[in-house]
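# What the coordinates show
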Amino acid sequence: MRRAYFKNNWIAALMVTPQLIVVFTFFYFPASQAMYWAFTLEQPWGGGNTWVGLDNFRAILSDDLYWSSVWLSIVFALGSTALAVGMALILAIFVDRQLAGYKAYKIGMIWPYAIAAPAVGLAFRFIFSPGAGIMMFVNQVFPDLWNPVENGTQAMAMVILAGAWKQVAYNFIFFLAGLQSIPRSLIEAGAMDGARTLRRMRDIQLPLLAPTFFFVLVINITDSFTDSFGIIDTMTAGGPSRATNLMVYKIFNDGFQGLDYSGAAAQSIILMGLVIALTFVQFRYIERKVHYT
Amino acid sequence: MAQISIRNVRKSYAKQEVVHGVDLEVATGEFIVILGPSGCGKSTLLRMIAGLESVTSGDITIDNRVVNDLEPHQRGCAMVFQNYALYPHMTVAENIGYALKVAGLPKVDRLARVQAVATSVGLTEFLERRPGQLSGGQRQRVAMARAIIREPKVFLFDEPLSNLDAKLRVQMRHEIRRIHNHIHATSVFVTHDQQEGMTLADRLVVMNKGVIEQVGTPEEIYHRPASVYVGGFIGSPAMNFLSGQISAQDSAVVLANGAKIPLPVPLAAAHDGQFTQIGLRPEELALVPAGKGAFDAAFEFAEELGAARLYHFQFEDLMLTVLSADKPAVEKGKPMGIRIGAGAVHLFAADTGKRLSAKVGSRERELV
């Protein structure tokens, strides 16, 4: 690989400084602060803290409510990722095969990713509201069929759907790019070998899409752990009865509503560790395994 | 084994027609090479036979069955692609056996056939490798094996050698011919390399701008090009062209500067007064002292080829090339005589570019 070098090191330093300041101010500084709080007992109104070692972690890990939020986060991550990846793949295959109207899809599909999570949450809150719109009609025909405000499973399904909807666009772009980078002649060779459309998809296109697939999978799972906050906050606020109280939402809840800064800090350290581990898996194992050249 | 007929086949993309009514008959077991510059429609024609492109109008039949609307695999064709098109995620054995797997052949039979075909193309040691771990020539063999294993009626080649280096290309050319002599499938081979075309073909098809210019054996095409285009395209170094007017009285072509190139009497008589392009192959010209040849031209420079040399001359406002094995004394700017060998003159009509021949009575007699 060719690299460009700066002859003067101070010019290089000058150019990376703004970026470094931003990263330090908004990432390393808060992260180190959280790290510090996680090992101390922070007073709700500030003014001194006591070193408590691993007590905060012990308290969290022995708390059933915490484990329930971990479980819910996993359900949300797997549910929304499966839905988002599956839908995006189907749509990308349609566009790649240039079925009727594929140009309209292509543009329409990219928009949802540009919408902020809380806006998505608000929109879906109206769509799934049991007392208005489509779902009200459903409830009129089948009384009490849909009520995410009372039914925890339905609430979870609702946030999964909203989270997936937002993520589909991102995945779609990657899948489409992946499909279009498969040489046309491979598909033609498959056709000459007697494989029909679905067979070619299964034997040629999908295996060649594997690197994209795993990349998207890991990104989706990590995103669903951290990015779900906006959707949960606007749609369910963790309810009903903590049925959608995901890890990231519980951190916010315990920290800013419960004023348990130290407990929240310890939870965010665990979450950060999880995301780092997933990223590590992505780079270390999956990327290496699924490349052909 | 199959016979292919192409009848008035046309192909258009949107409003643009790229193949303008092609007719071609390919006999069973024949090796046909379609030769032409890039963009002449030769690949499109091949892909229409394969079923990878639809036919806009006209018919393609294989063994008297119209195949226009059949899926590629129903036509009994196998194809070798220019970039090999090997499946990168499958091993060599899986690549070769894929068609059989799709056809639902049991694994035991499949492996036996893969083994047999791999042996015939010398790939046995590489069966467990992926295409990415093979050299260009080995990939080419895999592509061939993948086509052979289907025991196709028709073998199609889309410039399969163009990605190989010169030495390997010659080697693979021999390999292809050897395989053809062995399995005798009807073959259509598309290339822009005239040497490949001349050496491989039973019959050559020269295409240009979406039409067939000439069909014939390589020998016929070299010795009797049907048009200025074919004359200029086939043969290396390229044919020289001079313009002049036919005179029956002199029984010659009279060039603009008054020099005369003698013609057989019947040929000159048949086209008296016509403006013409004369094609002269560099290898049929000889260098003689000034004034002793058909005309004189000023020497410019020479190129060494080893066994012979190319001598370049300035004649009027054209460059003229002579291929000569002996070493005449030449000097830059000095004139040399150019002698034209017997039967070396190819005459083409100046307006249509078509070959001119002598017509005697109702019979067409070829005298040149």
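Residues numbered from 1 in each chain as written. Chains lettered and ligands numbered in written order. Predicted model: local features only at pLDDT ≥ 70, side-chain atom pairs only at ≥ 80, totals over all residues. Heavy atoms only, no water.

### Notes on the overall build of chain B
Cut-off, in case you're wondering: The way it works is that DSSP assigns letters per residue, a run of H or I at least four long becomes a helix, a run of E at least two long becomes a strand, and they are numbered from the N terminus. Burial status follows relative accessibility: with a 1.4 Å probe on protein chains alone, a residue under 20% of its type maximum counts as buried, one over 50% as exposed, and anything between as partly exposed. Throughout, the Shrake-Rupley method with a 1.4 Å probe supplies accessible areas, and for residues the shown protein chains are the sole cover considered.
For chain B, the count of helices and strands is nine helices and 22 strands. If you line up chain B on its principal axes, its C-alpha atoms span 80 × 45 × 35 Å. Looking at chain B as a whole, 51% of its 368 residues are labelled buried. Summing over all exposed atoms, chain B offers an accessible surface of approximately 16300 Å²; the carbon and sulfur share of this is 51%.

### Observations concerning the packing of aromatic side chains
Residues and elements named next belong to chain A. Rules: Pairs were defined over the aromatic rings of Phe, Tyr and Trp, the Trp ring being its six-membered one, requiring ring centres within 6.5 Å. Orientation was assigned from the angle between planes: stacked under 30 degrees, edge-to-face over 60, tilted for the rest.
Applying the stated criterion across every chain, the model contains 28 aromatic pairs over all chains. Each ring, one from Phe229 and one from Phe252, has its centre 5.0 Å from the other, and the planes form 75°; the classification is edge-to-face. Of this pair, Phe229 sits in helix H10 (residues 229-235) while Phe252 sits in helix H11 (residues 247-257), and the two are 23 residues apart along the sequence. Its relative accessible area of 23% is what places Phe252 among the partly exposed residues.

### Looking at the nonpolar core
What tends to happen in soluble globular proteins is that the nonpolar side chains get buried as a cluster. The line we're drawing: Throughout this description, the term nonpolar core refers to a set of buried Ala, Val, Leu, Ile, Met, Phe, Trp, Tyr and Cys residues connected via side-chain atoms within 4.5 Å. Throughout, a contact is declared for two residues whenever any of their heavy atoms are within 4.5 Å.
Core analysis: the largest hydrophobic core is formed by 61 residues, its most contacted members being Ile6, Ile60 and Leu156 of chain B. The element best represented in this core is helix H3 (residues 64-96) of chain A, accounting for eight residues. Every residue in contact with Ile6 of chain B, bar those within four places of it in the chain, is listed here: Val22, Asp23, Leu24, Leu45, Ile49, Asp59 and Ile60 of chain B.

### Examining the sheet that holds strand S9 (residues 203-208) of chain B
Neighbouring strands of a sheet are bound in pairs by backbone hydrogen bonds; such pairs are parallel or else antiparallel. All names here are of chain B. Using the following cut-off: At least two bridges found by DSSP between two strands is the condition for calling them paired. Axis definition: a line fitted to C-alpha atoms, limited for helices to the stretch in contact. Angles are taken between N-to-C directions and run from 0 to 180 degrees.
Sheet architecture is open: six strands sit in the order S6-S7-S8-S3-S9-S10, paired in mixed fashion. Looking at the sheet topology across the chains shown, the edges are occupied by strand S6 (77-80) and strand S10 (211-216). Taking each pair of neighbouring strands and ignoring which way they run, the sheet shows an average axis angle of 20°. In this sheet, S10 lies alongside S9 in antiparallel orientation, the contact comprising five bridges. The residue bridging Val205 from the neighbouring strand is Val215, located in S10. Across the face of the sheet, helix H4 (residues 136-148) comes into contact with S6 and strand S7 (154-158) while running at roughly 175° to S6. Taken strand by strand, helix H5 (residues 166-183) contacts strand S3 (31-35), S7 and strand S8 (186-191), and its axis lies near 145° from that of S3.

### Some details on the pairing of strand S18 (residues 318-324) of chain B
Residue and element names in this part refer to chain B. Both strand S17 (residues 309-315) and S18 contribute to a ladder of seven bridges, which runs antiparallel. Paired with Arg309 across the strands is Ser324, a residue of S18. What sits between S17 and S18 in their antiparallel hairpin is a turn of two residues, with Glu316 showing a positive phi close to 50°.

### Focus on the environment of Ser69 of chain A
Residue and element names in this part refer to chain A. Residue position: Ser69 is located in helix H3. Taking the relative accessible area as the measure of exposure, Ser69 reaches 1% and is therefore buried. With 176 residues separating them in the primary sequence, Ser69 and Asn245 have C-alpha atoms 5.7 Å apart. With near-sequence residues (within four places) excluded, Ser69 lies in contact with Asn245, Leu246, Met247 and Lys250.

### What about the interface of chain A and chain B?
A common way to express how large an interface is: the accessible area buried when the components associate. Applied cut-off: Defined in terms of a 1.4 Å probe, buried area is the accessible area two parts forfeit on being brought together, summed over both. Criterion for a salt bridge: a side-chain nitrogen of Lys or Arg within 4 Å of a carboxyl oxygen of Asp or Glu. Two N or O atoms form a polar contact when they lie within 3.5 Å of each other; inside protein one atom must be a possible hydrogen donor and the other a possible acceptor, and for residues adjacent in sequence the pair counts only when both atoms belong to side chains.
The interface of chain A with chain B comprises 18 residues on the first partner and 25 residues on the second. Counting each side, the surface lost to burial between chain A and chain B is near 1900 Å², with a carbon and sulfur contribution of 62%. Taken as a group, Glu188, Met192 and Asp193 of chain A account for 37% of the area that chain A buries against chain B, more than any other trio of residues on that side. Applying the counting criterion to the chain A and chain B interface returns one salt bridge. Linking Glu188 of chain A and Arg47 of chain B is a salt bridge whose minimum nitrogen-to-oxygen distance equals 2.6 Å. Linking chain A with chain B are eight residue pairs in polar contact (both at pLDDT 80 or more). Where the side of chain A that touches chain B is concerned, the elements lending two or more residues are helix H8 (184-192) and helix H9 (197-226) of chain A. When residues of the side of chain A that touches chain B are assigned to their parent elements, the largest contribution, seven residues, is made by H8 of chain A.

### A closer look at H9 of chain A
Rule in force here: One less than the number of residues in a helix, times 1.5 Å, gives the span that helix is expected to have. Note that bend, as reported per residue, equals the angle between axes fitted to the 7 residues terminating at that residue and the 7 residues originating from it.
End to end, H9 of chain A covers just 38 Å across 30 residues, shorter than the expected 44 Å (1.5 Å per residue, more than 12% under). Along its length, H9 of chain A shows its largest kink, about 50°, at Ala210 of chain A, and proline Pro211 of chain A lies within four residues downstream of that point.

### Digging into the confidence of the model for chain A
The predicted structure's coordinates, where accompanied by low pLDDT, should not be read in detail. We count it as follows: As a per-residue measure, pLDDT tells how confident the predictor is, with possible values from 0 to 100.
A residue-level look at chain A finds 94% of positions with pLDDT of 70 or above and a mean pLDDT of 84. Of all secondary-structure elements in chain A, the lowest mean pLDDT belongs to helix H4 (residues 102-110) of chain A, at 75, while H8 of chain A reaches the highest, 90.

### A short note on unusual backbone geometry
Residues and elements named next belong to chain B. Following Ser236, the chain continues into Pro237 via a peptide bond in cis, with omega recorded as -5°. One non-glycine residue, Asp63, lies in positive phi territory at about 55°. Mapped onto the elements of the fold, Asp63 is located in the loop between strand S4 (57-62) and strand S5 (65-66). A residue is classified by how much of its surface remains accessible, and Asp63, at 35% relative accessible area, is partly exposed. Even without being glycine, His184 reaches a positive phi, approximately 55°. As for its placement among the helices and strands, His184 is situated in the loop between H5 and S8.

### Brief notes about the pattern of salt bridges
In total, this model carries 18 salt bridges over all chains according to the counting rule given. Lys332 of chain B is the partner of Glu300 of chain B in a salt bridge, and the nearest nitrogen-oxygen pair spans 3.3 Å. With a gap of 32 residues between them, Glu300 of chain B in strand S16 (residues 295-304) and Lys332 of chain B in the loop between S18 and strand S19 (335-340) connect regions that are remote in the sequence. Lys332 of chain B gets classed as exposed once you look at its relative accessible area, which sits at 57%. A cluster of three or more residues bridged by salt bridges with shared partners is formed by Glu188 of chain A together with Lys11, Arg47 and Glu53 of chain B.

### With respect to the packing of helix H7 (residues 152-180) of chain A against H9 of chain A
Residues and elements named next belong to chain A. Test applied: For this classification, under 35 degrees means roughly parallel, over 145 means roughly antiparallel, 65 to 115 means roughly perpendicular, and everything else is oblique. Take the far helix as your reference; a near helix turned counterclockwise from it by less than a right angle gives a left-handed crossing, and one turned clockwise gives a right-handed crossing. Residue polarity follows a fixed list, in which Ala, Val, Leu, Ile, Met, Phe, Trp, Tyr, Cys and Pro are nonpolar, Asp, Glu, Lys and Arg are charged, and the others, Gly among them, are polar.
At their nearest, the axes of H7 and H9 sit 9 Å apart, and the two run at 155° to each other. Judged by the inter-axis angle, H7 sits roughly antiparallel to H9. For H7 against H9, the interelement crossing comes out right-handed. Contacts between H7 and H9 involve Gln167, Tyr170, Asn171, Phe174, Phe175, Gly178 and Leu179 from the former and Gln205, Leu209, Thr212, Phe213, Phe215, Val216, Ile219, Asn220 and Asp223 from the latter. By residue class, the composition of the contact of H7 with H9 is nine nonpolar, six polar and one charged.

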